[in-house]
Amino acid sequence: MYQYNAEDSNFLVERVDQFEKQLKRHLAGELDDAKFRSLRLRNGLYMELHAHMLRVAIPYGTLSSPQLRSLANVADKYDRGFGHFTTRQNIQFNWIELPEIANLLRELSDEGLHAIQTSGKATRNITADPLSGLTEGEIEDARPYCELIRRWFNLHPEFSWLPGKFKIAINGAKLDETALRIHDLGLRLVRNSKGQLGFSVFVGGGLGAAAMIAAETASFIEVEDILSYLESTMRIYNLKGRRDHQKKLRIKFLVRELGAEEFSRLVDEDWQQTKNDSKLKLNLVELEQLKKDFSLPIKPIDLGGFEEKVDFNYSIWKNNNVRSHKVDGFSIVNISLTKLGAAPGDATSEQMRILADLSEKYSAGELRTTKRQTIVFPYVRKDQVFNLWQSLEKYDLAIPHQGTLAQIVACPGRDYCDLAKAVSIPIATRVQERFNDMKKLLDIGNLNINISGCENSCAHHHVADIGLLGMQKNGEEYYQITLAGETLYETVIGKKLGPSVSGENIVDAVETVVNVYLEHRQNQERFTEVFKRIGITPFKEKVYE
Amino acid sequence: MSEILQIESILNKEYESVDLVSFQEWLENIDKLSNLSVGVIIGPSDDVSLIKGHFDFIELIALDFNNFDDGRGYSQAYLLSKRWQFSGEIIGINAHLDQLQFMIRSGVTSYILLDSYIGLNEEDYANGFSICYQEAVNNSGLQQKY
Ligand code: HEM
Ligand code: SF4
């Protein structure tokens, strides 16, 4: 597994030292709130009224078992024994004491973990397909590219004070598990007609009140040239992006105002000045080294006589949570952290330690985190999946939700978030209670429900099969329903169903939508396929009957 | 901001006083000012490309970094020094201690801090790191890992 070397670790320590000095100056009244805010956000630290939240990066969603243990220790020592896995391959701690922050960060840096640029108006943690390197038909593992691009934009002198945050995702697989076209910038690994490897570049995606799908600004940029192309994109954004309007800071507004074509033209014009600069070429020697560091720690094995155990509960869990691996003899195992009534993505320090131990026993000590807030074991031998399941059962971690409607993505909502217009988690709980029959869940199959408590759209409700957005109407909580959004096969923003529905009736409405789907489904059609075929009307008629 | 308007002249490398004019004033009086070797103050929203053809007549450029969160100055510094090869001084005015490392690496050749930072250890912020991960206009003193 790839690990930082001594220079990189030293850099992390230098960054903590610097931040500690800034914090001291702030506490001594020498650095005002506004400036300190800007600086602390770039170190992942949010300040709420009574507590501080720290967001730690999990680059490309890959964690080693010692790293996960280190996160568990932080949860115990500096928080209340919890961490929260987010939708963008970060983990958040919600109860951090300000004076302890430097020690906490130093402890994490011992394991190569950091919170650099996990917030603020700069390049955020770069996300990758959590199944990178594991699935059939992948063009290439995206993680070495993520790492090189992450490094390049780490404290970049020119682009650390952008108009708004800048989120990048990179996908090398057939299906898009990264939702790259709802990112500020998405890179898709592709091969051109000559078989050369490069990137298609998509710019200006994002959700929120003005949901937009990123436009393609370049269909093929050679691997070597990607850094200079990204710099040109950021330069145009840095110079021309809106800074005058709090709600128009993100690059999507610039792309929309200029038009995607004009935006690409400006980027290209700038890029012509730098694309031949040898100092801006991606370092191909380093790339090769990283490819080795990220290569899979397993070899195909022949499990000739192996027979799967017969157990009803096991087979349900396996059906939902286990996927086939491109390497013979192995499986990919998904572990859901979602529990009834708890915030999706929450993990206790104990769970983290158990997962770390189990990953060493069953998955070469490596774990991945996903945008559905689940944990993946990437290298489980097929003949050990049953044993793993038994261990997970023992610790209450064998929830067979993965991929079913019960694996709901919900933001903290009004229970924890100041900006919320409505609750999210209690709605998730009520939906799970309504659909608590495993037979029914299996019959419904793969169906995503995402719930955001306000227009900031932290739970990505626009791109779920069924999206719920909390809002206020005459002082009461209502939910707007959107249908048939998706990112996996193509990127589609869900369509609004009609008038918002009261909190009281929202679970009935969800059930009605599911029933209309089941009624019209032919063969194995997915929700979005049925929606495309029959349109919105049958859903509307039944929900607003 | 008002602080900027108070700067009417600045010392150059040779410690000679150079008169400063605003970008707007300079554009409106190019002919007259070209003979006087003035310095031009450029703010974040000024279109820096407009003075590209006039470098021979500009003694120095003062980029205004007063607004902490407005990062356009860094791209302006890059364009002036690297792409258009302005050979005079590029002075960062109204500079913030915590941003010196970014300014210098983007091509700012000297700086004048805001008064509120006087007495703090500048070295800590100008050179807080031993390594850098990307090509920049000025990476001196940094181990380059890229
Ligand atoms: C209570 C804590 C939280 C607050 C106050 C908060 C606030 C916000 C705000 C204001 C935005 C919009 C920013 C913009 O578009 O410029 C945002 C976006 C986002 N948040 Fe949160 N958030 C919170 C928790 C979370 C959690 C727990 C997650 C993950 C599960 C999350 C994931 C996201 C994502 C993915 C976006 C980007 C959506 C997009 O593409 O536009 N947030 N958040
Ligand atoms: S979507 Fe709104 S309510 Fe939910 S966490 Fe984000 S800001 Fe808070």
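Each value, and the rule that gives it
Each chain carries its own residue numbering, running from 1 in the direction its sequence is written. Ligands are numbered from 1 and chains lettered from A, in the order in which they are written. A pLDDT threshold of at least 70 governs which residues receive local features in this predicted model, and a stricter bar of 80 or more applies before side-chain atom pairs are shown or counted, although totals over entire chains, interfaces and linings include all residues. Each side-chain value is derived from all of the structure's non-hydrogen atoms; neither hydrogens nor water enter the calculation. For every domain, the bounds stem from an assignment made automatically or drawn from a database. When checking whether two residues touch, look at their non-hydrogen atoms; a contact exists if any pair is within 4.5 Å. Summed over both partners, the accessible area (1.4 Å probe) lost when two parts come together is defined as the buried area. In the sections that follow, a salt bridge refers to a side-chain nitrogen of Lys or Arg positioned within 4 Å of a carboxyl oxygen of Asp or Glu. For the purposes of these results, a polar contact is taken to be a pair of N or O atoms within 3.5 Å, where, inside protein, one atom must be able to donate a hydrogen and its partner to accept one; residues adjacent in sequence count only when each atom of the pair is a side-chain atom. Secondary structure is summarised from DSSP: a helix means a run of H or I of at least four residues, a strand means a run of E of at least two, and numbering begins at the N terminus for each. Amino acids outside the nonpolar list (Ala, Val, Leu, Ile, Met, Phe, Trp, Tyr, Cys, Pro) and the charged list (Asp, Glu, Lys, Arg) are all regarded as polar, and Gly is one of them. A molecule or strand has a residue near it when one of that residue's heavy atoms lies within 4 Å. Burial classes: relative accessible area under 20% of the type maximum marks a residue as buried, over 50% as exposed, and values in between as partly exposed (1.4 Å probe, protein chains only). Atoms are scored as donors when they are N, O or S and lie within 2.8 Å of the metal, with 3.2 Å used for Na, K and Ca; no water is included, so coordination may look incomplete.

A. Just the domain arrangement of chain A, in detail. Residue and element names in this part refer to chain A. Taken as a whole, chain A is organised into domain 1 (6–109), domain 2 (127–290), domain 3 (312–394) and domain 4 (409–543). One C-alpha centre belongs to domain 1, the other to domain 3; they are set 27 Å apart. Listed by partner, the interface residues are 23 residues for domain 1 and 24 residues for domain 3. Both faces considered, domain 1 and domain 3 share a buried interface measuring about 1900 Å² in area, 54% of it formed by carbon and sulfur atoms. Per-residue buried area on domain 1 facing domain 3 is highest for Leu68, Arg69 and Phe85; these three make up 30% of the total on that side. Linking domain 1 with domain 3 are three salt bridges, by the criterion used here. Asp357 is the salt-bridge partner of Arg69, the closest N and O atoms lying 2.8 Å from each other.

B. Main features of the interface of chain B and chain A. At the junction of the two partners, chain B supplies 35 residues and chain A supplies 39 residues. Taken together, both faces of the contact between chain B and chain A bury some 3500 Å²; the carbon and sulfur share is 55%. It is B:Phe102, B:Phe129 and B:Tyr133 that lose the most area in chain B upon contact with chain A, and together they represent 19% of the buried surface on that side. The interface formed by chain B and chain A holds six salt bridges in total. The closest approach of N and O atoms between B:Lys145 and A:Glu7, which form a salt bridge, is 3.9 Å. Counting the contacts that link chain B with chain A gives 19 residue pairs in polar contact (both at pLDDT 80 or more). Of all elements in the fold, only helix H4 (72–83), helix H5 (100–106) and helix H6 (122–126) of chain B reach the threshold of two or more residues within the side of chain B that touches chain A. Among the elements that line the side of chain B that touches chain A, the one with the most residues is H4(B), at eight residues. Tallied by class, the residues present in the side of chain B that touches chain A amount to 14 nonpolar, eleven polar and ten charged.

C. Examining the site of ligand 2 more closely. Around ligand 2, the surrounding shell consists of A:Cys411, A:Pro412, A:Gly413, A:Cys417, A:Leu419, A:Ala420, A:Gly453, A:Cys454, A:Asn456, A:Ser457 and A:Cys458. Taken together, the residues of the shell around ligand 2 sort by class into seven nonpolar, four polar and no charged.

D. Geometry of the site of ligand 1. Residues and elements named next belong to chain A. With respect to spatial proximity, 18 residues lie near ligand 1, and among them Lys165, Lys167, Leu207, Arg250 and Cys458 are the closest. Note that an oxygen atom of ligand 1 is positioned 3.1 Å from one of the backbone N or O atoms of Leu207. Between an oxygen atom of ligand 1 and a side-chain N or O atom of Arg250, the distance comes to 3.0 Å. Here the residues of the shell around ligand 1 are counted per class, giving six nonpolar, nine polar and three charged.

E. The pattern of salt bridges, seen in detail. Residues and elements named next belong to chain A. Using the criterion set out here, one finds 42 salt bridges over all chains in the structure. For Glu360, the salt bridge identified is with Arg69, shortest N-O distance 3.0 Å. You can see Glu360 sitting in helix H11 (residues 349–362) and its partner Arg69 sitting in helix H3 (residues 65–78), a full 291 residues away along the chain. For Glu360, a relative accessible area of 41% puts it in the partly exposed group.

F. Broad picture of the coordination of the iron atom of ligand 1. Exactly one donor from the protein chain reaches the iron atom of ligand 1: A:Cys458 (SG), at 2.2 Å. By the secondary structure assignment, A:Cys458 is in the loop between strand S17 (449–452) and strand S18 (466–473).

G. Structural context of the environment of A:Phe539. For A:Phe539, the position within the fold is in helix H17 (residues 537–543). In this structure, A:Phe539 is in contact with A:Leu483, A:Leu497, A:Val513, A:Val516, A:Tyr517, A:Phe527, A:Phe531 and A:Ile534, ignoring residues within four places of it in sequence.

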